Amino acid sequence: MAANVNPTEAIGLGFYHFHPRWTVHYGEEIEKRYEEFEDVVKAGYTNCIIVEKSYLNDDEFWRIIFENDCTVWLNIYDYFDSSKEEYKEWSREFDEALNILRSNPERWERFMGFHFDEPVWRGQSNEDFLTECKNLYEEYGKRIFPVFATGEFMDSEGNAMQIKMDAAKMKKVIPEALKYVTDVGFDSYSVDVRFGFGNGDFIERNHQKIPEIVDGKSYYEELTKLLVRIVGHDVNVWFFPCSYTTGLWRGGKVDEDYCAAHLDFFCELLMRQKHQGGIITYTYKNNSNKPEELGLVSHLKVLDKNGNQKLFPEEANWENYSECMKNAVSKFKAIKANLAKLNF
């Protein structure tokens, strides 16, 4: 096995909904939250963490980050809205937290940048997204990483079953708003990439829009090409494999084999990209509104000191998936990503 590269240069692999806000399965106390958080990180399932502002300067959080060669992204979920406030007013609390972080050079080096979740379909204007990204990039010099719903950049929504939203009703992101974007991804969780497994009429419908789409793999490949073209400059690509038991376009539910195939395929597709960001599996937490939709927390193999399953012992371990994820993290830690650079 090759030696690990600098964590800030490695390809990333992480979970959505995984930081101390969500790690509450040993108990709600902060000590228990960190115990679960550290157990999963130490088990080798991730090398990058998307965290919210409230934990950004927490000493215990950073101890775990450094001891496990991880990097950190700040999740910005509540977006700037110029119709409600000035940018400086919106950014005040973020700036306070970021300036504290910047005063610690070791932590600042491990801080990769800013992550945004589907901002345009969630209501932000293209102009406000551009303003937000421009200010953050120029002030802090860190990476800008949105993930988009497919309906934000094409006439088909890959998660329409989950969000009950028609792509035609979604606002579209425009290339001019993406000037400061360094990293990008899209999410669509219910398309099977395995040979011989159908996807209902979903592929046929998307084939009418993009003729090169003929199966599950080409669906993701062609949408990647489309999104990169829309960005319009070199950009680090991220993928979002499914890792929760949601529904499928052909009917039925996601299972371990489906998720393992997603992970393997997206790891391979990532390595074919000119510039590699990483992988963020969706998602760690269970869906409180849909008890049948279990996240990875219910299936990851996490053992106590006696070798007994510590997380959700009543659920079946996804042993193969857990091993695939550990192997991918180990591999990515040793690969120096070919990172894109913005040129103004």
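Scroll up for the structure.
Section: the packing of helix H9 (residues 256-271) against helix H10 (residues 319-333)
Here's step 1: Taken N-terminus to C-terminus, the directions of H9 and H10 make an angle of 15°; their axes are 9 Å apart at the nearest point. What the angle tells us is that H9 and H10 run roughly parallel. For the element pair H9 and H10, the recorded crossing hand is left-handed. On H10, the residues that touch Glu 256, Cys 259, Ala 260, Leu 263, Asp 264, Cys 267, Leu 270 and Met 271 of H9 are Glu 319, Asn 320, Tyr 321, Cys 324, Met 325, Ala 328 and Phe 332.

Description of helix H2 (residues 59-67)
Here's step 1: Those residues of H2 not exposed but buried are Phe 61, Trp 62, Ile 64 and Ile 65. Seen along its axis, H2 keeps its buried residues to an arc of 160°; they face one direction. In this structure, H2 carries Asp 59 and Glu 67 as exposed residues pointing more than 90 degrees from its buried face.
Here's step 2: The N-cap residue of H2 is Asp 58: its side-chain oxygen and the backbone nitrogen of Glu 60 are 3.0 Å apart.
Here's step 3: Directly after H2, the chain includes Asp 69, whose backbone phi takes a positive value near 55°.

Some thoughts on the sheet that holds strand E7 (residues 236-239)
Here's step 1: With parallel pairing, the eight strands of this open sheet are ordered in space as E1-E8-E7-E6-E5-E4-E3-E2. Edge positions in the sheet fall to strand E1 (12-15) and strand E2 (48-51), since each has one partner strand and no second. Looking at each pair of strands side by side, their axes are set apart by 25° on average, direction ignored.
Here's step 2: Of the strand pairs in this sheet, E2 and strand E3 (residues 71-75) are connected by four bridges, and their pairing is parallel. Residue pairing in the sheet places Ile 49 in a bridge with Val 72 of E3.
Here's step 3: Across the face of the sheet, helix H5 (residues 126-140) comes into contact with strand E4 (111-117) and strand E5 (143-149) while running at roughly 175° to E4.

Notes on unusual backbone geometry
Most peptide bonds take the trans form, and the phi angle of most residues other than glycine is negative.
Here's step 1: In the segment running from Tyr 282 into Thr 283, the intervening peptide bond is cis, with an omega of 15°.
Here's step 2: In this fold, Thr 283 is placed in the loop between strand E8 (276-281) and H10.
Here's step 3: Phi at His 17 is positive, roughly 55°, even though this residue is not glycine.
Here's step 4: Relative to the assigned elements, His 17 resides in the loop between E1 and helix H1 (30-42).
Here's step 5: A positive phi angle, near 50°, is found at Glu 118, a position not held by glycine.
Here's step 6: Of the residues examined, Glu 118 reaches a relative accessible area of 10% and is grouped as buried.

Here we look at the packing of helix H8 (residues 216-231) against H9
Here's step 1: Between H8 and H9, whose axes approach to 12 Å, the crossing angle comes to 40°. Between H8 and H9, the interaxial angle falls into the category oblique. Crossing of H8 against H9: the hand is right-handed. On H9, the residues that touch Lys 217, Tyr 220, Glu 221 and Thr 224 of H8 are His 262, Phe 265, Phe 266 and Leu 269.
Here's step 2: Of the residues contributing to the contact of H8 with H9, the split by class is four nonpolar, two polar and two charged.

Details of the nonpolar core
Here's step 1: Residues Phe 114 and Phe 153 are the most contacted members of the largest nonpolar core, which totals 108 residues.
Here's step 2: If you tally residues by element for this core, the top one is H9, at 10 residues.
Here's step 3: The residues contacting Phe 153, other than those within four sequence positions of it, are Phe 148, Lys 172, Val 173, Phe 186, Leu 223, Leu 226, Leu 227 and Ile 230.

About the criteria used
- Residues numbered from 1 in each chain as written.
- Predicted model: local features only at pLDDT ≥ 70, side-chain atom pairs only at ≥ 80, totals over all residues.
- Heavy atoms only, no water.
- Axes fitted to C-alpha atoms, helices over the stretch in contact; angles between N-to-C directions.
- Helix = DSSP H or I, 4+ residues; strand = E, 2+ residues; numbered from the N terminus.
- Parallel < 35°, antiparallel > 145°, perpendicular 65-115°, else oblique.
- Left-handed = near helix turned anticlockwise from the far one by under 90°.
- Contact = heavy atoms within 4.5 Å.
- Buried < 20%, exposed > 50% of the residue type's maximum accessible area, 1.4 Å probe, protein only.
- Arc of directions from axis to C-beta.
- Polar contact = N/O pair within 3.5 Å; in protein donor to acceptor, adjacent residues only side chain to side chain.
- Pairing = 2+ DSSP bridges.
- Nonpolar A, V, L, I, M, F, W, Y, C, P; charged D, E, K, R; others polar.
- Core = buried A, V, L, I, M, F, W, Y, C linked by side-chain atoms within 4.5 Å.

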